[in-house]
Amino acid sequence: MPDSLAEPMLPVPYRVLKVGRETADTFTLALAAAAGDQGFSFAPGQFNMLYVFGVGEVPISISGDPDRPETLVHTVRAVGAVSRAICGLQKGDTLGVRGPYGVPWPVEAAPGYDVLVIAGGLGLAPLRPAVYHLLARRPQYGNLELIYGARTPEDMVYRQELERWRGRFDFRVHVTVDSARGDWRGNVGVVPNFIARARFDPEQTMVLICGPGVMMRFTVQELLHRGLKRENIYLSMERNMKCGLGLCGHCQLGPFFVCKDGPVFRYDLLQDWFLAREV
Amino acid sequence: MSPGSADIGEEVVLEPQGLQQLLEILQRQGYQLVGPTLRQGSLVYGPLSAATDLPRGWGDAQEAGAFRLRKLREPMFFGYGVGQQSWKQFLYPHRRRLWQARLEGNDFQVLPPDADPVKFAFIGVHACDLEAILVQDKVFLEGPFIDPHYRARREQAFILAVNCGHPCHTGFCASMGSGPRATRGFDLVLTEILQGPRHYLLAAPGTERGRQLIHQVPHQKAQPGEREAADQLLDQTTRQLGRSLDTRDLKALLYRNYENPGWDQVAARCLSCGNCTLVCPTCFCHTIEDTTDLTGTQAERWRRWDVCYTVDFSYLHGGSIRATPRSRYRQWLTHKLATWIDQFGVLGCVGCGRCITWCPVAIDITAEVRALRESELTAAAAAKE
Ligand SMILES: Cc1cc2nc3c(=O)[nH]c(=O)nc-3n(C[C@H](O)[C@H](O)[C@H](O)COP(=O)(O)OP(=O)(O)OC[C@H]3O[C@@H](n4cnc5c(N)ncnc54)[C@H](O)[C@@H]3O)c2cc1C
Ligand code: SF4
Ligand code: SF4
Ligand code: FES
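Residues numbered from 1 in each chain as written. Chains lettered and ligands numbered in written order. Predicted model: local features only at pLDDT ≥ 70, side-chain atom pairs only at ≥ 80, totals over all residues. Heavy atoms only, no water.

A closer look at the interface of chain B and chain A
Logical step 1: Counting from both sides, the interface comprises 55 residues of chain B and, opposite them, 47 residues of chain A.
Logical step 2: Both faces combined, the contact of chain B with chain A buries some 4200 Å², and carbon together with sulfur accounts for 60% of it.
Logical step 3: The three residues of chain B that bury the most area against chain A are Phe108(B), Phe145(B) and Ile321(B), which together make up 18% of that side's buried surface.
Logical step 4: A salt bridge links Asp107(B) to Arg15(A); the shortest N-O distance between them is 2.5 Å.
Logical step 5: In this structure, the connection of chain B to chain A is made through 20 residue pairs in polar contact (both at pLDDT 80 or more).
Logical step 6: Among the secondary structure elements, those contributing two or more residues to the side of chain B that touches chain A are strand E6 (95-104), strand E7 (107-111), helix H3 (127-141), helix H4 (148-156), strand E13 (286-292), strand E14 (298-305), strand E15 (315-316) and helix H11 (325-344) of chain B. (Contact = heavy atoms within 4.5 Å. Buried area = accessible area lost by both parts, 1.4 Å probe. Salt bridge = Lys/Arg side-chain N within 4 Å of Asp/Glu carboxyl O. Polar contact = N/O pair within 3.5 Å; in protein donor to acceptor, adjacent residues only side chain to side chain. Helix = DSSP H or I, 4+ residues; strand = E, 2+ residues; numbered from the N terminus.)

Quick look at the structure:
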C-alpha cells in the first residue's frame, strides 16, 4: 500500500456527491475521487484523515459499505473548527482525503460466532461498515444483535436504516435513549442495561464496541459479568491524531499508537491501559 | 582496495592538521559541514566553514539545571560534551513545510513537496548522539509509514564521530550502553589524544565512505601504544561519568509504578515547559499546522515539533486526556524508559543528560528512576513489619 518514497501527508481531492442530515449537528457525506478514479478499498473500522482546504485535518471513521468502496461515506458531527467546516460542505465541493488507516474490526475472524455490536452515539459510524459486512454474509454467523444507545431520540443517527434492520428477522436490534420526551415509545436506559436482553453464547461470541469512554467501561464490565471472554471483546479507541501514520506521537495510549495499532483493540491486550486514568 | 589503505575498522593516526584536511575534502564533495560552535555562552551545533570554527580549547561544565563554558588549558578540538540542541534539528528540522496547495474554483491542487537537497556532514558526534540517531531511524524509517524528508537527509549525511575524552557530568551513557565509545553508526570516528607535547587523532573508519576519506589525508598505521592510550582515555571517561541509571527490569519497574504517588512530587516541581523534550535527541513528537494566505486560495501544511507536556497535546473534543501535570510527566518518563521498548524495541533514552542540564528546575531523570526504586523498597520494608 504505502509507497515508501512518496509524501504520506498528501491529501487526495474528493468531490462531495451528497450531504444528508442525521441530527441537528451531524451529517453524512458521500464522496468520490475528484480525478474520477476508483477510490480505494477499506475494511470496517478503518478511518481517513479528512482535510478542508486551509482549515485543517481530522480523523473520521469510514461509515459506508466496504463492499461498495467506489463511494466513500463519512458521518461527521460538528464540534469544532474542522468538523464544522466539513459539515458545511455542499454538493460539488472538494475535500482532501488520505487513508484508509488503522486496524479494522475482526469481522474476518467472526464466522461461526454470535456477534454482538454495541454502539453509543456517533460510535455507530465506525460500526456501520461492520454491520454491512456481517449482513452481506449473514449465514456465516450465529446470532447477530445490535445494541444502540443515544442521549435522546434527536441524537440518533441512521434512523431509517435502524428501522430497516429492525424489520429483519435475522438481526435483533435494540435501540435505547438515555432520556426522552413523552412521545418516544421506545426504550429508555443506558446501553449496559440492555446486554441482559441480548441472546448469545458467551463461549462463542465476538463483541464489537464503540462509544463514549464511560459507556464502554460499564459495557465491558457487564459483558465480563455475563461470562464473555476478554479476548473476544473489541473496542475502538479515540485519541488526538495529527498524522495517522504512527509518526506524530499524539495518539499514544500507553505502548500503543491508536492510529496504527488501533483504533480497534482486543480488550485483553488493552485492559491495563483502558482501566487506568489519564493514559 | 589499494595497498596500505585502512580497512573498515582499522585504526590510523592523523596529525592535528589532518582534521582541517578532512573537512576540506568533505566540503569539496558537496557536504555542508555542521558541528559544535559557541553562541551566547552556549555550545550549539551550527554551520562550520573550517576546523578553526570549532571551539578549540573550550570545555563545558554541566550540572542539573546549569550549563557553563570553561576555558581549557589544553588546545583540544573536542574538549566538551554534548551541545544544547542535538543533531535531530538537522535530520528532523523543528519546522518544515510538507506541501502547498492552490484553490481554483471548487477544486484544489496539491503541489509536490519541496525537494530536500541538503547534504550534511556532522562533525564531532558523540556516542550517545549516534545511538539517538539510530533510535530516530527506528521511528522514521521502519514503517509502516516512513518520513521521506528524514530519509532524504539521513541517507546523505556523513557522520564524523568523536570518542569522549571528557566525562559528562549529567550524562549516563555507560548505563544505557550508548557510550562513551562510539561503536556503530558513523562513517569515521576520531579519538583525540593529548599526551604531553604529543597531540594526535586516532581515526577509524566505520564505512567505505569513511575509509575513502581517510585514505585521502596523510596518515600512519596506529601503533599499539597509541591504541592503548585511547582505551585508557575511554576507561577513564567511563569511570568519571557524573550520572548512572540502573536499567535492570526498567520497563517492568515503570509499569508497576504507574500509579505511584511519587509522580505527584515530581509534578509539583515540573513547570511543564517542555525543554526536556526539545533538547532530547530522540523525542520525535510533532504537530501539523494547516494555514492559508489572506485570499484563502493558497494553503500550506507545516510540521512542527510538539511537546507532550502541553494540555493541548492530548486534546479531544470536551477536554484533554492528560489534564494534570502529573499525568504528563508520567507520560514522558514512561515513554522514554518503558513504552518506547514496546513500540520500537529499544529504550527512548540514550543517557545524553541534556534533559537534566536544560531543565530549569533541575529535574533529573536518573534521580526520578531512583526515587521509584526506593519507594518500592520502602513499601516492601513496611509490608514486612
Ligand atoms: C479514529 C477516530 C475516528 C473518528 N471518527 C469520527 C467520525 O466518524 N465522526 C466524527 O464526527 N468524529 C470522529 N472522530 C472525532 C473527530 O476526529 C473529532 O471530532 C475532530 O478531530 C474534532 O476536530 P475539530 O477541529 O472539529 O474540533 P476542535 O475541538 O476544534 O479540535 C481541535 C483539534 O483537537 C483534536 N480533536 C478534538 N476532538 C477530537 C476527537 N474527538 N478525536 C480526536 N481528535 C480530536 C483534533 O486534532 C482537532 O484538530 C474520530 C476520531 C478518531 C481518533
Ligand atoms: S531522556 Fe534526557 S538523557 Fe535521555 S536521551 Fe533524552 S535528553 Fe538525553
Ligand atoms: S521536566 Fe523540567 S524541562 Fe521537562 S517539562 Fe518539566 S520543568 Fe520543563
Ligand atoms: S496520529 Fe500521529 S502517531 Fe498516531
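So, the packing of H3(B) against H4(B)
Residue and element names in this part refer to chain B.
Logical step 1: Look at H3 against H4: their axes get within 10 Å of each other, and the N-to-C directions meet at 140 degrees. Looking at the two axes, H3 sits oblique to H4. The two elements H3 and H4 meet at a crossing, and its hand is left-handed. Listed contacts from H4 to Ile133, Leu134, Gln136, Asp137, Phe140 and Leu141 of H3 are Tyr150, Arg151 and Arg154.
Logical step 2: Here the contact of H3 with H4 is composed, by residue class, of five nonpolar, one polar and three charged. (Axes fitted to C-alpha atoms, helices over the stretch in contact; angles between N-to-C directions. Parallel < 35°, antiparallel > 145°, perpendicular 65-115°, else oblique. Left-handed = near helix turned anticlockwise from the far one by under 90°. Nonpolar A, V, L, I, M, F, W, Y, C, P; charged D, E, K, R; others polar.)

Some thoughts on the domain arrangement of chain B
Residues and elements named next belong to chain B.
Logical step 1: Each assigned domain of chain B is listed with its residue range as follows: domain 1 (12-98 + 114-240) and domain 2 (250-384).
Logical step 2: The gap between the C-alpha centroids of domain 1 and domain 2 is 27 Å.
Logical step 3: At the interface, 39 residues of domain 1 touch 36 residues of domain 2.
Logical step 4: Both faces combined, the contact of domain 1 with domain 2 buries some 3300 Å², and carbon together with sulfur accounts for 62% of it.
Logical step 5: Interface area lost by domain 1 to domain 2 is led by Tyr92, Arg95 and Phe172, which between them contribute 17%.
Logical step 6: At the boundary of domain 1 and domain 2, one finds four salt bridges.
Logical step 7: For the salt bridge of Glu300 with Arg97, the shortest nitrogen-to-oxygen distance reads 3.0 Å.
Logical step 8: The interface formed by domain 1 and domain 2 includes 28 residue pairs in polar contact (both at pLDDT 80 or more).
Logical step 9: For the side of domain 1 that touches domain 2, the secondary-structure elements that each account for two or more residues are strand E3 (42-47), strand E4 (58-63), strand E5 (66-71), helix H2 (88-91), E6, H3 and helix H5 (173-176). (Domains from an automatic or database assignment.)

Considering the site of ligand 1
Logical step 1: The local shell around ligand 1 holds 22 residues, among which Pro59(A), Thr75(A), Arg77(A), Ser83(A) and His317(B) are the closest.
Logical step 2: With respect to ligand 1, its neighbouring residues span chains A and B.
Logical step 3: One of the side-chain N or O atoms of Glu238(A) is found 3.3 Å from a nitrogen atom in ligand 1.
Logical step 4: When ligand 1 sits alone it has 830 Å² of accessible area, and the protein chains cover 87% of it.
Logical step 5: Counting only elements with at least two residues in the shell around ligand 1, the list comes to strand E4 (56-61), strand E5 (72-77) and helix H1 (81-87) of chain A together with E15 of chain B.
Logical step 6: With four residues, the top contributor of residues to the shell around ligand 1 is E4(A).
Logical step 7: Tallied by class, residues from the shell around ligand 1 come to 12 nonpolar, six polar and four charged. (Near = heavy atom within 4 Å. Areas by Shrake-Rupley, 256 points an atom, 1.4 Å probe, with all protein chains shown as cover.)

Comments concerning the packing of helix H4 (residues 213-225) of chain A against helix H6 (residues 267-275) of chain A
For any two helices packed against each other, one specifies the crossing angle of their axes together with the interaxial distance.
All names here are of chain A.
Logical step 1: At a closest axis distance of 13 Å, the pairing of H4 and H6 adopts a crossing angle of 130 degrees. The orientation of H4 with respect to H6, classified from their angle, is oblique. As for the relative orientation of H4 and H6, their crossing is left-handed in sense. Of H6, the residues touching H4 (which contributes Met216, Arg217, Val220 and Leu224) are Tyr267, Phe274 and Leu275.
Logical step 2: Classifying every residue of the contact of H4 with H6 by side-chain character gives six nonpolar, no polar and one charged.

So, the sheet that holds strand E11 (residues 205-210) of chain A
Residues and elements named next belong to chain A.
Logical step 1: Taken together, the seven strands give an open sheet; going across it, the order is E10-E9-E8-E7-E11-E12-E15, and neighbouring strands pair in mixed fashion. Strands at the two margins of the open sheet, each flanked by one partner only, are strand E10 (187-188) and strand E15 (264-266).
Logical step 2: In this sheet, strand E8 (residues 144-150) lies alongside strand E7 (residues 114-120) in parallel orientation, the contact comprising six bridges. Pairing of Val117 across the sheet is with Leu146, part of E8.
Logical step 3: Taken strand by strand, helix H3 (residues 159-166) contacts E8 and strand E9 (172-177), and its axis lies near 140 degrees from that of E9. (Pairing = 2+ DSSP bridges.)

Details of the pattern of salt bridges
Residues and elements named next belong to chain B.
Logical step 1: A complete count under the given rule lists 43 salt bridges over all chains for this structure.
Logical step 2: A salt bridge links Asp246 to Arg373; its shortest N-O distance comes to 3.7 Å. One end of the pair, Asp246, is in the loop between helix H7 (224-240) and helix H8 (250-256); the other, Arg373, is in helix H13 (residues 365-384), with 127 residues separating them in the sequence.
Logical step 3: A relative accessible area of 28% places Asp246 in the partly exposed class.
Logical step 4: Exposure remark for Arg373: the relative accessible area of 18% places this residue in the buried category.
Logical step 5: Linking Arg326 and Asp264 is a salt bridge whose minimum nitrogen-to-oxygen distance equals 3.1 Å. With Arg326 in helix H11 and Asp264 in helix H9 (residues 262-269), this pair connects stretches of sequence that are 62 residues apart. (Buried < 20%, exposed > 50% of the residue type's maximum accessible area, 1.4 Å probe, protein only.)

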